Amino acid sequence: MKTMLKVLFLGLLIISTVFCSNESQETETEAVDQSDRDLGFFSDGANMTDARMDFVSLVLGNGDVVSAGGRGRGATERVPRLATAEIFEIATGEWKSVNEMSSKREVLCGVTLADGRAMIIGGADTRRVSLKTTEILDSSSGEWIKGPKMKKGRYKHSCATLNDGTVIVAGGADIGVLATVEISGPSLDEFALTGEMNESRALFTLTVLSDGKVLAAGGSSKNTQDTDSAELNRTSAEIWDQATGEWTLVSPMNTARASHTASLLEDGRVLVVGGTGPLASAEIYDPSDDTWTLTGELSMGRQLHTAHLLDNGTLIVIGGSNTLAESEVYDIESGQWLVGPSLTFGRHQHTSVKMNDGNVMVIGGQAETEDADRRELSNLIEIYSPGQ
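Asker: Help me understand the side chain of Thr166 in this model?
Answerer: Of note, Thr166 is situated in the loop between β10 (158–161) and β11 (167–170). Each residue touching Thr166, except ones within four places of it in the same chain, is listed here: Ala160, Thr161, Ile183, Ser184, Gly185, Pro186 and Gln242.

What follows is the structure in structure tokens.
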């Protein structure tokens, strides 16, 4: 009997040892797979003439990039607002200045029109007065022409170009926070008010879904300069139907957010990342069943960052408060984040655009300097080349 018990004990010990050994090997293999993964790299690009933050950058129809407006460097405490604009020419690899816009504007919005031109919409002027005006860039001549005027002046708003070329502009701030929404048809003759959102929003996201409807998510309920006012942020989300011109509230997010990003994934879902806090959480909206699902968390909280879906099927998040240099790459299949390559200088309130070659250009913003205790407006450009 004792002999049988000894044999049984030894058998269990061997099985346990083999199981633990296999489990350890699987864990080590998983870690090696992640560390060996090619997450791409950043390289220096040609720098802009003007340092700027709270501005707009857009890819034009010919693949060139325009950056316009924002706040610039100043010798006084009051940072100057900018009317300047410049174009990065793919053919030369350099920036060239174009004519100034008719108005200085910051915290503006912009879209690439169906014909490939850039349209700059609203913003706040030097006196912090919200603007109704829009301007359209003719990149061939470098001239700005007047676009249709909005019914409401607004900044901290969101805008998008719909599949049929219609431009939609929503929310933002004037004296208070706005719920009004305006559209201008493909002819760009005028803006007309459409159905109001159910809730007023500033610093929120507007995403054109695969079916052509528009998702508005989160945002701040008050017009405040305090970027730490997370208690003012909304969890609510709503969808606009172009056929009816009406907004319908959908399921709320799990976390209240403003100054976050929202990216349409290839399968039609929307990935929302970070926000005022700063927040490290991320969640995915599935319009097919109206659900928000929390996914893997970032390694650090981010707000005022940028995000892009890449051609290799992953998504990269770049920068954010407080002048973060580390990027993070989201693996959509696993729902996990990997710490990606670092910028030479961390930054927030920058812009970034995914260019036609699949690389991402990171532009300006409030950036680190060689002095670790000092931040300044930047004209620095870095190019992210994705991994395989």
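Asker: Help me understand the side chain of His348 in this model?
Answerer: Locating His348 in the fold gives a position in strand β26 (residues 347–348). Engagement of the side chain of His348 in a polar contact is seen with the backbone nitrogen of Thr323, the distance being 3.2 Å. Sequence-distant contacts of His348, that is, excluding residues within four places in its chain, are made with Leu304, Gly320, Ser321, Asn322, Thr323, Gly365 and Gln366.

Asker: When you look at the packing of aromatic side chains in this model, what are you seeing that I'm missing?
Answerer: The description of an aromatic ring pair rests on the distance of the ring centres and on the angle between the ring planes. Under the defined criterion, the tally for this structure stands at five aromatic pairs. Ring centres of Trp240 and Trp247 lie 6.4 Å apart, and the angle between their planes is 40°; on these two criteria the pair is classed as tilted. For the pair Trp240 and Trp247, one class covers both residues: buried. Ring centres of Tyr330 and Trp337 lie 4.8 Å apart, and the angle between their planes is 50°; this geometry places the pair in the tilted category. One exposure class covers both Tyr330 and Trp337, and it is buried.

Asker: Honestly, the pattern of salt bridges in this entry has me stumped. Any pointers?
Answerer: Pairing between side chains of opposite charge can happen when their charged atoms approach one another. Enumeration according to the criterion identifies 21 salt bridges in this entry. For the salt bridge of Glu89 with Lys96, the shortest nitrogen-to-oxygen distance reads 3.3 Å. The closest approach of N and O atoms between Arg302 and Glu328, which form a salt bridge, is 3.2 Å. You can see Arg302 sitting in the loop between β21 (291–294) and β22 (306–309) and its partner Glu328 sitting in strand β24 (residues 326–331), a full 26 residues away along the chain. You'll find Arg302 and Glu328 in the same group, each marked buried.

Asker: Just checking my understanding: could you explain the sheet that holds β24 for this structure?
Answerer: The strands making up a sheet associate through hydrogen bonds between their backbones, and the pairing can be parallel or antiparallel. If you trace the four strands from one edge of the open sheet to the other, you get β22-β23-β24-β25, paired in antiparallel fashion. The open sheet has two free edges, formed respectively by β22 and β25 (336–342), since each of these has just one partner strand. When the angles between neighbouring strand axes are averaged without regard to direction, this sheet yields 25°.

Asker: How do you make sense of unusual backbone geometry when you look at a structure like this?
Answerer: Peptide bonds are trans in most cases, and residues, glycine excluded, mostly fall at negative phi. In this model, Gly277 is joined to Pro278 through a cis peptide bond whose omega is -5°. Along the chain, Pro278 falls in the loop between β19 (270–273) and β20 (282–286). Note that the residue after Ser321, namely Asn322, is joined by a cis bond; omega there is 5°. Take Asn322: it is sitting in the loop between β23 (315–318) and β24. One non-glycine residue, Arg128, lies in positive phi territory at about 70°. Relative to the elements of secondary structure, Arg128 occurs in the loop between β7 (118–121) and β8 (134–138). Unusually for a residue other than glycine, Thr323 sits at a positive phi of about 45°. Tracing the chain through its elements places Thr323 in the loop between β23 and β24. Take Thr323: its relative accessible area is 3%, and that puts it in the buried class.

Conventions adopted
Residues numbered from 1 in each chain as written. Predicted model: local features only at pLDDT ≥ 70, side-chain atom pairs only at ≥ 80, totals over all residues. Heavy atoms only, no water. Helix = DSSP H or I, 4+ residues; strand = E, 2+ residues; numbered from the N terminus. Contact = heavy atoms within 4.5 Å. Polar contact = N/O pair within 3.5 Å; in protein donor to acceptor, adjacent residues only side chain to side chain. Phe/Tyr/Trp six-rings, centres within 6.5 Å; stacked < 30°, edge-to-face > 60°. Buried < 20%, exposed > 50% of the residue type's maximum accessible area, 1.4 Å probe, protein only. Salt bridge = Lys/Arg side-chain N within 4 Å of Asp/Glu carboxyl O. Pairing = 2+ DSSP bridges. Axes fitted to C-alpha atoms, helices over the stretch in contact; angles between N-to-C directions.

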